[in-house]
Amino acid sequence: MLASEGAGEFFCGYVPPEWLERYGGAFWMNRRGPVAGNLLQRDDVSLLAERSHARGIPVYVTFNAPYYTPEQQEFLLPLVDRLAEESGIDGVIVSDVGFLVELRRALPGLPVHASSVMASLNPGMIDFLAEQGAGRVIFPRSLGVEDIAALGKAAAGRLETEAFVLNEGCVFEEGYCMTTHRSVGALCVQLPDVPHRVLPLTPEAAAKLDGEDRRPAREMMGAFRDWVWFQNGCGNSVTDRGIPNGPCGLCALYDLAATGVTSLKISGRSSSSLRKLSSLRMVRAVLDLVEGGASREEAAREAVAIRNTPEFCNAGYMCYYREKAS
Amino acid sequence: MLQTKYDGAASPRESAGRGVEVGISFPFLAAPPPSLLRGEASLDDTLRGALSRNAHPALAEALLRHLPGTVPSRVYIGNETCERLLPTPQAIGSWAAAARGVRVALSLVLPPLSRDGLAKAERLVRALEGVDDAEVVAGDWGTVHRLRSRHPGLAIVLGRLTHKMLRDPRLADLFDSPLAPLPARSALCRSGELAPGFRALMERYGIGRREIDPFLQPLEEDEWEGREERLSVHLPYQFVTMGRGCLPAAMHGEGKGRFVAGGPCRNECAKYAVEFRVPVPGGNGAGRHLLALGNALYHAVPPHVVERVLARLSSTERVDRVVVAVPAAERQPS
């Protein structure tokens, strides 16, 4: 279904039962979740790879926990080897820089992509990844189109590039977020609803907080609440046409495509196939327009029309690439 | 960093390994207090007027109890999460001149850098060249790579943001719960930094020091001692998370301009913080305080964690520096 609608690559999570026996839900094997959003049988990975390859589509498996201990790396290396040799996956996605080095040493023929959780923000990181033998850099959500263009230029000929285009926002910089969604949910989603107070750091600020800054301080927290809501998929909502609300880069596709970025990421995690399909169709429709020669304005207009939630688009907080928002 | 008076005749570098250094970081001040740069500030003086009026005097007391006679001997300049707060090369030059001859060393703190930020940081590093005992604290591996490539002799410290471990204050003190599977407890109380791949990176880039947080969960012994590099431990704030969008900057922002990386900013972070109280699971209404400082969230660890960290200083070989962050301080006499 996704392949016939124009998906060019698949990525997935895989959590074997041995991992769950060791770590339960306490240490997630990847950022997708302890169980949900992952394949649990290697045979399923093999089947996914077989059917995808039949359509010429590569499959990547993500091992993007922020870090793995030495013991976990010892466990994972043979597992990744089997996925590559026996299940036929095309590469892995990692976040731990040390694990990247170790994978390249142990399995030099296996492409390794640097996850967005590696937070590749500058050209030094492009050089670092190229030296370590990464095959692709996945840009973090916080980068703007101009940054992506510049880093893509730095990566040209050495690394493939990938950028987010739809779904699954993150209020913080994921690569530097040391919190867990386990048991307690996302901290960012929680923050607007917990007791808080603005603290002045200087006597002058204390005086202003009682005066001219009282209202801006209140407005700041209101804006924060709105921003978090939009980044969290507008409360994880969908339109009556089944279109997922939330982080979106559709109207920036013209500029994004012009950067030469190799791949566009549609996040799916544990969402339904219908949501994935709906997301893919939206991106495909706008990308087809761009690749067919539409102007920036035409593509952006169509993106907003497809979403059909102009009030959300106009708010600005839903955009991945806000400097390019329509 | 602080030196004990017993090492008063030694330079910070010479004292490493024999004494515990204490550095002071002012991440939101335009300039370090001149008295600190001149080596004239006591620990009490330095921490007086700090944001956390309860935590900092208690911290000063604990530090002086564990490290009698200690005085600040290293000043951290720059901010670990926001590149807008990078100092100018001229400011670094003047601070280095002020500190020269009084055995106060400088650490330039760099946040995770954008491409523009990296270019600015390189100019700052050039301003530090030739300054005795100066070092650069890097917040990302791209910066490490670039600086090592172009400045082979530079002392590069890995900042605590690069120390990948969960430290969610809502849960972290449960990470070593006996109810959890043993492998999970172990994995949550150590990083991946002793694995061969990470060790290879440390060697490749010549990293001799790394910074770590005061973790709520007790770290495994190997995490402290099973490494070659020296450790600097932060107090009293544990880093929790950061974004490129900034909460205080939204105070005077408008509409779509809020929370954009590199968006409008009036240095609100130097004037205001936001304190959140988040519930802890099973806490019967108990909560943990998080402090939004600029574009990051921190947690001031409780006294028993401070004590646990400081108690290590006499027994450990690897931890030889304490870094005390002072988010804001009343203006001090120059």
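Residues numbered from 1 in each chain as written. Chains lettered and ligands numbered in written order. Predicted model: local features only at pLDDT ≥ 70, side-chain atom pairs only at ≥ 80, totals over all residues. Heavy atoms only, no water.

Enquirer: Explain unusual backbone geometry to me, please; I cannot follow it from the model alone.
Expert: Across the chain, the bulk of peptide bonds are trans and the bulk of non-glycine residues have phi less than zero. The omega torsion of the bond from B:Leu235 to B:Pro236 falls at -10 degrees, within 30 degrees of zero and hence cis. Here B:Pro236 shows up in the loop between strand 9 (230-235) and strand 10 (237-242). Here the phi dihedral of A:Glu168 falls at roughly 55 degrees; this positive angle occurs in a residue that is not glycine. With respect to the helices and strands, the residue A:Glu168 is situated in the loop between strand 6 (160-166) and helix 7 (187-190). (Helix = DSSP H or I, 4+ residues; strand = E, 2+ residues; numbered from the N terminus.)

Enquirer: Mind showing me how you'd approach helix 3 (residues 70-85) of chain A here?
Expert: Each α-helix turn comprises 3.6 residues. Residues three or four places apart therefore point the same way. Its 16 residues give helix 3 of chain A an end-to-end C-alpha distance of 23 Å, which sits within 8% of 22 Å, the value for a rise of 1.5 Å per residue. Residues of helix 3 of chain A that are buried include every one of A:Pro70, A:Gln72, A:Gln73, A:Phe75, A:Leu76, A:Leu77, A:Leu79, A:Val80, A:Leu83 and A:Ala84, and no others. As for helix 3 of chain A, its buried residues are in contact with helix 1 (17-23), helix 2 (42-54), strand 2 (59-63), strand 3 (91-94) and helix 4 (97-106) of chain A together with helix 8 (182-188) of chain B. (Expected span 1.5 Å × (residues − 1). Buried < 20%, exposed > 50% of the residue type's maximum accessible area, 1.4 Å probe, protein only. Contact = heavy atoms within 4.5 Å.)

Enquirer: Looking at this model, I keep getting lost on the state of the cysteines. Mind explaining?
Expert: Disulfide: a covalent bond formed between the sulfur atoms of two cysteine residues. Summed over all chains, the structure comprises 0 disulfides over all chains. Here A:Cys234 stays unpaired: no disulfide links it, and the sulfur of A:Cys313, its closest cysteine neighbor, is 9.3 Å away. (Disulfide = S-S within 2.5 Å.)

Enquirer: Can you help me understand helix 5 (residues 89-99) of chain B in this one?
Expert: All names here are of chain B. Every buried residue belonging to helix 5 is among Ala-91, Ile-92, Trp-95, Ala-96 and Ala-99, and all of these are buried. End-on view of helix 5: buried residues confined to an arc of 135 degrees, all on one side of the axis. Buried residues along helix 5 sit in contact with helix 2 (34-37), strand 4 (74-77), strand 5 (105-109) and helix 6 (115-128). Where helix 5 ends, the next residue or the one after it, Gly-101, has phi of about 90 degrees, a positive value. (Arc of directions from axis to C-beta.)

Enquirer: Which parts of the structure should I look at to understand the nonpolar core?
Expert: Generally speaking, soluble globular proteins have nonpolar side chains that are buried together. Ranked by internal contacts, the top residues of the largest apolar core, which has 155 residues, are A:Phe63, A:Leu129, B:Trp141 and B:Val322. Per-element tally for this core: the top contributor is helix 3 of chain A, with 7 residues. (Core = buried A, V, L, I, M, F, W, Y, C linked by side-chain atoms within 4.5 Å.)

Enquirer: Help me understand the packing of helix 6 of chain B against helix 7 (residues 141-150) of chain B, please; the structure alone is not making it clear to me.
Expert: Each pair of packed helices can be described by the angle between their axes along with the distance between the axes. All names here are of chain B. Taken N-terminus to C-terminus, the directions of helix 6 and helix 7 make an angle of 40 degrees; their axes are 11 Å apart at the nearest point. Compared by their axis directions, helix 6 and helix 7 come out oblique. When the axes of helix 6 and helix 7 are compared, the crossing they make is right-handed. Taken together, the residues of helix 7 that come into contact with helix 6 (itself represented by Leu-118, Glu-122 and Val-125) are Thr-143, Arg-146, Leu-147 and Arg-150. Taken together, the residues of the contact of helix 6 with helix 7 sort by class into 3 nonpolar, 1 polar and 3 charged. (Axes fitted to C-alpha atoms, helices over the stretch in contact; angles between N-to-C directions. Parallel < 35°, antiparallel > 145°, perpendicular 65-115°, else oblique. Left-handed = near helix turned anticlockwise from the far one by under 90°. Nonpolar A, V, L, I, M, F, W, Y, C, P; charged D, E, K, R; others polar.)

Enquirer: Would you mind going over the interface of chain A and chain B with me for this structure?
Expert: Reports of interface size often rely on the accessible area that becomes lost once the parts have come together. With 75 residues of chain A in contact, the opposing surface of chain B contributes 75 residues. Of all residues in chain A, the largest losses of buried area upon contact with chain B belong to A:Tyr176, A:Met178 and A:Leu201, amounting jointly to 14% of the total for that side. Scanning the region where chain A abuts chain B turns up 5 salt bridges. Of the charged contacts in the structure, one is a salt bridge between A:Asp127 and B:Arg146, with a shortest N-O distance of 3.9 Å. Of all the elements, helix 9 (residues 214-231) of chain A adds the most residues to the side of chain A that touches chain B, at 8 residues. Split into classes, the residues belonging to the side of chain A that touches chain B amount to 41 nonpolar, 19 polar and 15 charged. (Buried area = accessible area lost by both parts, 1.4 Å probe. Salt bridge = Lys/Arg side-chain N within 4 Å of Asp/Glu carboxyl O.)

Enquirer: I tried to follow the sheet that holds strand 5 of chain B on my own but got confused; where do I start?
Expert: The strands making up a sheet are joined through hydrogen bonds of the backbone, oriented either antiparallel or parallel. All names here are of chain B. Taking strand neighbours around the barrel as the criterion, the 8 strands line up as 2-4-5-6-7-8-9-14 in a closed arrangement whose pairing is parallel. Strand-to-strand twist across the sheet, computed as the mean angle between neighbouring axes with direction ignored, equals 30 degrees. On the sheet, helix 7 packs against strand 6 (135-138) and strand 7 (156-158) and is oriented at approximately 165 degrees with respect to strand 7. (Pairing = 2+ DSSP bridges.)

Enquirer: Could you clarify how one ought to interpret the side chain of B:Ser107 in this entry?
Expert: Residues and elements named next belong to chain B. On the secondary structure map, Ser-107 appears in strand 5. Taking the relative accessible area as the measure of exposure, Ser-107 reaches 0% and is therefore buried. Polar contacts involving the side chain of Ser-107 include one to the side chain of Arg-74, which spans 3.0 Å. Discounting chain neighbours no more than four positions away, the residues touching Ser-107 are Arg-74, Val-75, Tyr-76, Ile-77, Glu-135, Val-137 and Arg-321. (Polar contact = N/O pair within 3.5 Å; in protein donor to acceptor, adjacent residues only side chain to side chain.)

Enquirer: Please clarify how the pattern of salt bridges should be interpreted in this entry.
Expert: Side-chain pairs of opposite charge can arise where the charged atoms are in close proximity. Considering all chains together, one arrives at 44 salt bridges over all chains under this definition. Residue A:Arg141 pairs with A:Glu174 through a salt bridge whose shortest N-O separation is 2.6 Å. Of the two residues, A:Arg141 is situated in the loop between strand 5 (136-138) and helix 6 (145-155) and A:Glu174 in the loop between strand 6 and helix 7; the sequence distance between them amounts to 33 residues. With relative accessibility at 8%, the residue A:Glu174 sits in the buried group. Taken together, the shared-partner salt bridges connect B:Glu193, B:Arg199, B:Arg210, B:Glu223, B:Arg227 and B:Glu229 into one network.

Enquirer: Can you walk me through the packing of aromatic side chains in this structure?
Expert: How two aromatic rings sit relative to each other is set out by the distance from centre to centre and by the angle between their planes. Inspection of the entire model under this criterion finds 24 aromatic pairs over all chains. Relative to A:Phe99, the ring of A:Tyr68 lies with its centre 5.2 Å away and its plane at 70 degrees, an arrangement referred to as edge-to-face. Separated by 31 residues along the polypeptide, A:Tyr68 in the loop between strand 2 and helix 3 and A:Phe99 in helix 4 bring together distant segments of the chain. Exposure class is identical for A:Tyr68 and A:Phe99. Each is buried. One aromatic cluster is present, formed by A:Phe224, A:Trp227, A:Trp229, A:Phe230, A:Phe312, A:Tyr317, B:Phe259 and B:Phe276 through successive ring pairs. A cation over a ring is seen here: A:Arg141 above A:Phe164, with NZ or CZ 4.2 Å from the ring centre. In this arrangement the basic side chain of A:Lys265 is found over the ring face of A:Phe11, its NZ or CZ atom lying 3.6 Å from the centre. (Phe/Tyr/Trp six-rings, centres within 6.5 Å; stacked < 30°, edge-to-face > 60°. Lys NZ or Arg CZ within 6 Å of the ring centre and 35° of its normal.)

Enquirer: Sorry, what's going on with the side chain of B:Arg170 here?
Expert: Examined against the element boundaries, B:Arg170 turns out to sit in the loop between strand 7 and helix 8. Of the residues examined, B:Arg170 reaches a relative accessible area of 2% and is grouped as buried. Polar side-chain contacts of B:Arg170 include one of 3.0 Å to the backbone oxygen of A:Gly185. Polar side-chain contacts of B:Arg170 include one of 2.7 Å to the side chain of A:Gln190. Sequence-distant contacts of B:Arg170, that is, excluding residues within four places in its chain, are made with A:Thr179, A:Thr180, A:Val184, A:Gly185, A:Ala186, A:Leu187, A:Gln190, B:Val278, B:Pro279, B:Val280 and B:Pro281.

Enquirer: In this structure, what is going on with the confidence of the model for chain B? I would like to understand it.
Expert: Low pLDDT marks stretches whose predicted atomic positions should not be read closely. All names here are of chain B. In this model, chain B carries an average pLDDT of 88, and 90% of its residues clear a pLDDT of 70 or more. Residue range residues 1-18 is modelled with pLDDT below 50. Its contacts to residues more than four positions away, or to other chains, number 66 contacts. Interface confidence in the predicted complex, given as ipTM, is 0.96; pTM for the same model is 0.94. (pLDDT = per-residue confidence, 0-100.)

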